[in-house]
Amino acid sequence: MEKTKRGSSPEEGSNKNSINDWLPITSSRNAKWYYSAFHNVTAMVGAGVLGLPYAMSQLGWGAGATIMVLSWVITLYTLWQMVEMHEMVPGKRFDRYHELGQEAFGEKLGLWIVVPQQLMVEIGVNIVYMVTGGNSLRKIYETACPGCRPLKTTYFIMMFSGVQFFLSFCPNFNSIALVSFLAAAMSLSYSTIGWGASVHKGIAPGVDYSPRASTSVGRMFGFLSALGDVAFAFAGHNVVLEIQATMPSTPEKPSKKPMWKGVIIAYAVVAMCYFPVAFVGYAVFGNSVQDNILISLEKPAWLIIMANAFVVIHVIGSYQVFAMGVFDMIESYLVKQRNFSPTKKLRLIVRTSYVALTMFLAVTFPFFGGLLSFFGGFAFAPTTYFAQSDNRGTRPRAYSNVVLLLT
């Protein structure tokens, strides 16, 4: 009997292909280059940009500017490496982050090295975005109606999660393309409002640029916390391979070409958002800046409402971009390993449960600044700042994004 690759029968190969056609990462491969641009902007330019002035206040001008520039350069380089490694083995595509890890470290070890960090990053981002969306909705409510009855952040997080319950039924990456585009546009908009309103406010007399902490121990922990904030801001590499997997690819026209074109556009937008917000925000408020620059801006009210509305729209889309990888991982495990049928019912249960879990954790731990630092330092740095490819003979082997570099 004729065998398919790895010794499986034709029926097994056909079944595997049908499962891949159902899973969210590989079910649609007709994305354009500009999908890469706004998916990457949505994944990267998120809540983290609002905390960059706060990070600058803990780093100071010299260290802060240096770390910001180096982060932009290093993460662009590591992202380029990942784009190149997507099809480094002829005839094979590494559609998922853990598949690249398995190529580098072996079938089992690769999973243990990559999957825990990837899940921590993606779930961590979704929790933070639940909190961010809830906080922004509360800010809109309090600014628009200062005399109204105060409501707990919990209610606003639940409102935000209601949208996520609905959007989580989108089957794959390409089905959320419009949501991702709107999110990318909103990220550029609220970033511009953040630094533009700061410029209009002007540098206050007596602004203080000295370290926030008064003790050497406090300054050290503040410095490490700021590194976590910056690492969180430059996150997004965890879904790069999954985004590239949605693009068509042939030997003549490999997916890396349109993917890289979109990445360049995305990183230009990142520079337009990050550097003005970080430097202008710190210049205006000094060490009194809040961990969310929009909180430091209190007037005019209509502009603050608009900016926070943009934040809400952005994190709605960004949540889905990061959640899609988690959905794919869970659904793939249940269908391939536990032999569940690939049905809409399974998808409904998995995705509803996941959104409910992130909502519960967001309500339980509504600490915006602390979550940025924790997840940034613990998981975002090793999965964002380090990637290395090592060509040995005719078969390249990837050692990518799994070694802690900056923390």
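Residues numbered from 1 in each chain as written. Predicted model: local features only at pLDDT ≥ 70, side-chain atom pairs only at ≥ 80, totals over all residues. Heavy atoms only, no water.

Sorry if this is basic, but what is going on with the overall build of the protein chain here?
Helix and strand counts for the protein chain come out as 14 helices and two strands. Evaluated residue by residue, the protein chain yields a buried proportion of 54% over its 407 residues. For the protein chain, the proportion of contacts with a sequence separation of at least 24, taken over those separated by at least 6, is 82%. Summed over its atoms, the accessible surface of the protein chain is roughly 17900 Å², and 66% of this surface lies on carbon and sulfur atoms. (Helix = DSSP H or I, 4+ residues; strand = E, 2+ residues; numbered from the N terminus. Buried < 20%, exposed > 50% of the residue type's maximum accessible area, 1.4 Å probe, protein only. Contact = heavy atoms within 4.5 Å. Areas by Shrake-Rupley, 256 points an atom, 1.4 Å probe, with all protein chains shown as cover.)

I tried to follow the nonpolar core on my own but got confused; where do I start?
Grouped burial of nonpolar side chains is what soluble globular proteins tend to show. If you look at the biggest cluster of nonpolar residues, it comprises 97 residues, and the most contacted ones within it are V49, L52, M68, M130 and Y274. Excluding residues within four positions of it along the chain, M68 makes contact with L52, M56, F234, Y274, F275, A278 and F279. (Core = buried A, V, L, I, M, F, W, Y, C linked by side-chain atoms within 4.5 Å.)

I keep staring at the confidence of the model for the protein chain and nothing clicks. Help me out?
Caution is warranted with low-pLDDT regions, since their predicted coordinates should not be read in detail. Summarising the model, the protein chain shows a mean pLDDT of 82, and 85% of its residues fall at 70 or more. Confidence over residues 388–407 falls short of pLDDT 50; this stretch has 58 contacts with residues more than four positions distant or in other chains. (pLDDT = per-residue confidence, 0-100.)

Is there a simple way to think about the packing of aromatic side chains in this case?
One pair of aromatic rings is described through two measures. These are the centre distance and the angle between the planes. The final tally for this structure, using the stated rule, is 15 aromatic pairs. Considering the side-chain rings of W61 and Y282, the 4.8 Å spacing of their centres and the 50° angle between planes classify their relative orientation as tilted. Note that W61 is positioned in helix α3 (residues 52–85) and Y282 in helix α10 (residues 256–285), a separation of 221 residues in sequence. Under the relative-accessibility criterion, W61 is labelled partly exposed at 37%. Between Y209 and Y282, the aromatic rings sit 5.3 Å apart at their centres with planes inclined by 70°, giving edge-to-face as the arrangement. You can see Y209 sitting in the loop between α7 (177–201) and α8 (216–233) and its partner Y282 sitting in helix α10, a full 73 residues away along the chain. Counting every residue linked through ring pairs, the aromatic cluster contains W33, Y34, Y35, F38 and F181. (Phe/Tyr/Trp six-rings, centres within 6.5 Å; stacked < 30°, edge-to-face > 60°.)

How do you make sense of the state of the cysteines when you look at a structure like this?
In a disulfide, the sulfur atoms of two cysteines are covalently bonded to one another. All told, the structure shown has one disulfide when counted by the stated rule. Across the disulfide, C145 is cross-linked to C148 (sulfur-sulfur distance 1.4 Å). Here the S-S torsion is close to 65°, and the disulfide linking C145 with C148 is therefore right-handed. Since its relative accessible area comes to 29%, C148 is described here as partly exposed. (Disulfide = S-S within 2.5 Å.)

Where do I start with helix α13 (residues 344–364) in this structure?
Side chains three or four residues apart in an α-helix point the same way, a direct result of the helix having 3.6 residues per turn. Helix length check: α13, at 21 residues, gives a terminal C-alpha distance of 30 Å against a target of 30 Å (1.5 Å per residue), a fit within 8%. Residues of α13 that are buried include every one of L346, R347, V350, R351, Y354, V355, T358, M359 and A362, and no others. Each element contacted by the buried residues of α13 is listed here: α5 (107–144), α6 (153–167) and α12 (301–337). (Expected span 1.5 Å × (residues − 1).)

Help me understand the pattern of salt bridges, please; the structure alone is not making it clear to me.
Here the idea is simple: oppositely charged side chains can pair when their charged atoms come close. Summed over all chains, the structure comprises ten salt bridges. Here D95 and R93 are joined by a salt bridge, their closest N and O atoms 3.9 Å apart. The shortest N-O distance in the salt bridge between E331 and R351 comes to 2.8 Å. With a gap of 20 residues between them, E331 in helix α12 and R351 in helix α13 connect regions that are remote in the sequence. Like R351, E331 is buried. One continuous salt-bridge network, built from bridges that share partners, spans R29, E87, R93 and D95. (Salt bridge = Lys/Arg side-chain N within 4 Å of Asp/Glu carboxyl O.)

Before we go on, may I ask you to explain the side chain of R93 in this structure?
Position of R93 relative to the elements: it lies in the loop between α3 and α4 (97–105). Of the residues examined, R93 reaches a relative accessible area of 18% and is grouped as buried. For R93, the residues in contact, after removing those within four places along its chain, are R29, H86, E87, E99, Q244, A245, M247, P248, S249 and S255.

How do you make sense of the packing of α5 against α6 when you look at a structure like this?
The relative placement of two packed helices comes down to the angle between their axes together with the axis-to-axis distance. For the pair α5 and α6, interaxial distance at closest approach is 8 Å and the crossing angle is 115°. You can see that α5 and α6 cross each other, and the crossing is right-handed. Mapping the contact onto sequence places Y129, M130, V131, G133, G134, N135, L137, R138 and Y141 in α5 and T153, F156, I157, M159, F160, S161 and Q164 in α6. Within the contact of α5 with α6, the residues separate by chemical class into nine nonpolar, six polar and one charged. (Axes fitted to C-alpha atoms, helices over the stretch in contact; angles between N-to-C directions. Left-handed = near helix turned anticlockwise from the far one by under 90°. Nonpolar A, V, L, I, M, F, W, Y, C, P; charged D, E, K, R; others polar.)

Just to check I follow, could you spell out the environment of I264 for this structure?
Summarising the element assignment, I264 is placed in helix α10. When the C-alpha positions of I264 and A37 are compared, they lie 7.7 Å apart, and in sequence the two are 227 residues distant.

Honestly, the environment of I316 in this entry has me stumped. Any pointers?
Locating I316 in the fold gives a position in helix α12. The class for I316 is buried, based on a relative accessible area of 14%. Look past the residues within four positions of I316 in its chain and what remains in contact with it is F160, V163, Q164 and L167.

Looking at this model, I keep getting lost on a nonpolar patch on the surface. Mind explaining?
Taken together, the side chains of V217, M220, F221, F223 and L224 present a nonpolar region at the surface, about 480 Å² in accessible area. Take F223: it is sitting in helix α8. The exposure class of F223 is partly exposed, given its relative accessible area of 31%. (Patch = residues over 30% accessible without salt bridge, like charges linked within 9 Å, V, L, I, M, F, W, Y side chains within 5 Å.)

Where do I start with the environment of G51 in this structure?
Inspection of the secondary structure puts G51 in the loop between α2 (33–44) and α3. Remark: the alpha-carbon pair of G51 and D229, spanning 178 residues in sequence, is separated by 6.8 Å.

Can you help me understand the side chain of H98 in this one?
On the secondary structure map, H98 appears in helix α4. Residue contacts for H98: discarding those within four places in its chain leaves L111, V114, V115 and Q118.

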